Amino acid sequence: MRHLLSTKTLSRDEAIQILDVTEDMAATQQREVKKLPTLRGKTVVNLFFEDSTRTRISFEAAAKRLSADVISFATKGSSVSKGESLQDTAQTLEAIGADVIVLRHSMSGAPAVLAESGWISASVLNAGDGTHEHPTQALLDAFTLRRRIHGDASRGRGLDGVRVLIVGDILHSRVARSNLWLLSVLGAEVTLVGPPTLIPFGIEAWPATVSYDLDEAIATVRPDAVMMLRVQRERMNAAFFPSEREYAGLWGLSAARFAALPETAVVMHPGPMNRGFEISSAAADSSRSTVLEQVTAGVSTRMAALYLTATGGAA
Ligand code: NCD
């Protein structure tokens, strides 16, 4: 695999293979010495044009655990704020010796431009581009869910017949898109739930059922997992719902809604959470919440993605 830009282009076999390599990486993270020599001599640059906590630190941890040299570069405080272009920034990084560029950018398609432009020869990993995709997030989510459902028998398996609700600001969510493509290729049944104003136009073409009523979706789908999304105000140029109170009342995973879920259903959230808005503390802090497992899985997932792209491994 040369780049990781999207989950939409992954076949089922490729997706399962990445999840299985993630299992191998996760096993190494149980050891006392977590570091592997795999990427010794390689340089990974984290190039983040948008804010990030989990994605940036877990890419950094992942690269370090694989013994790569890591340069973490937030564009605030750099020459990007002086108007330097993506091309010049990336070529500068390659001139310094970057083998892999992990890119987060507000423009949908920026990682694909970088990978396909011929400006650089480094591998490109998409760490979230606009409202388009966030492939490592979807992979870590699928890994977490597969572990919760299949436990030690996860290897080689998909998520066939697993029912997932993805709830909230679907319109602005790259997490929702990457998850939808990956979950459906793995055989899961996805229902997207949110206010009509936050459901994208043309959704009929997506491999999902759509619902505008969370209580009804919980009652009829009987989900195995509920994935709550943050309302992405920074991407909104208008009012998409009347008030926070109304949004929380209709679309939030309140304590009462959490109690209405099937007893075994897990609660997922990519972070950062807005407690009391899209998710209640009763749900976020319960033993069925996978929020912190997702963060842990993020390190192993990014180790797998860095390893497969930097070494050109299969998948
Ligand atoms: C998400 C993102 O940035 O796309 N966060 C993350 O990477 N875990 C989701 C969000 O910001 O709401």
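Across soluble globular proteins, you tend to see nonpolar side chains buried next to one another. Counting residues in hydrophobic clusters, the biggest one holds 61 residues, and the most contacted among them are Val102, Leu145, Ile166 and Leu306. Among the domains, domain 1 (12–133 + 295–310) and domain 2 (135–290) are the pair contributing at least three residues each to this core. Not counting residues within four places of it along the chain, the set of residues in contact with Leu145 comprises Leu159, Val162, Val164, Leu183, Ala225, Val266 and Met268. Grouped together as the second largest cluster of nonpolar side chains are 26 residues, Val193, Leu214, Phe258 and Val267 included.

Within this structure, the stated rule accounts for 4 aromatic pairs. Each ring, one from Phe241 and one from Tyr247, has its centre 5.0 Å from the other, and the planes form 50 degrees; the classification is tilted. Between the aromatic rings of Tyr247 and Phe277, the centroid separation amounts to 5.1 Å while the plane-to-plane angle is 55 degrees, which identifies the pairing as tilted. Taken together, the residues span a long stretch of sequence, with Tyr247 in helix H8 (residues 244–251) and Phe277 in the loop between strand E9 (266–268) and helix H10 (281–284) at a distance of 30 residues. One residue, Lys8, lies across the ring of Trp181, its end atom 4.3 Å from the ring centre.

As a matter of local geometry, the ligand sits amid Thr55, Arg104, His134, Gln137, Arg174, Val175, Arg230, Gln232, Pro270, Gly271 and Pro272. Here an oxygen atom of the ligand sits 2.9 Å away from a polar atom, N or O, in the side chain of Thr55. In this structure, Gly271 approaches the ligand through a main-chain N or O atom, which is 3.0 Å from a nitrogen atom. Considering the ligand on its own, with 320 Å² of exposed area, one finds that the protein chains cover 94% of that surface. Counted by class, the shell around the ligand contains 3 nonpolar, 5 polar and 3 charged residues.

Reading guide: rules and limits
Residues numbered from 1 in each chain as written. Predicted model: local features only at pLDDT ≥ 70, side-chain atom pairs only at ≥ 80, totals over all residues. Heavy atoms only, no water. Core = buried A, V, L, I, M, F, W, Y, C linked by side-chain atoms within 4.5 Å. Buried < 20%, exposed > 50% of the residue type's maximum accessible area, 1.4 Å probe, protein only. Domains from an automatic or database assignment. Contact = heavy atoms within 4.5 Å. Phe/Tyr/Trp six-rings, centres within 6.5 Å; stacked < 30°, edge-to-face > 60°. Helix = DSSP H or I, 4+ residues; strand = E, 2+ residues; numbered from the N terminus. Lys NZ or Arg CZ within 6 Å of the ring centre and 35° of its normal. Near = heavy atom within 4 Å. Polar contact = N/O pair within 3.5 Å; in protein donor to acceptor, adjacent residues only side chain to side chain. Areas by Shrake-Rupley, 256 points an atom, 1.4 Å probe, with all protein chains shown as cover. Nonpolar A, V, L, I, M, F, W, Y, C, P; charged D, E, K, R; others polar.

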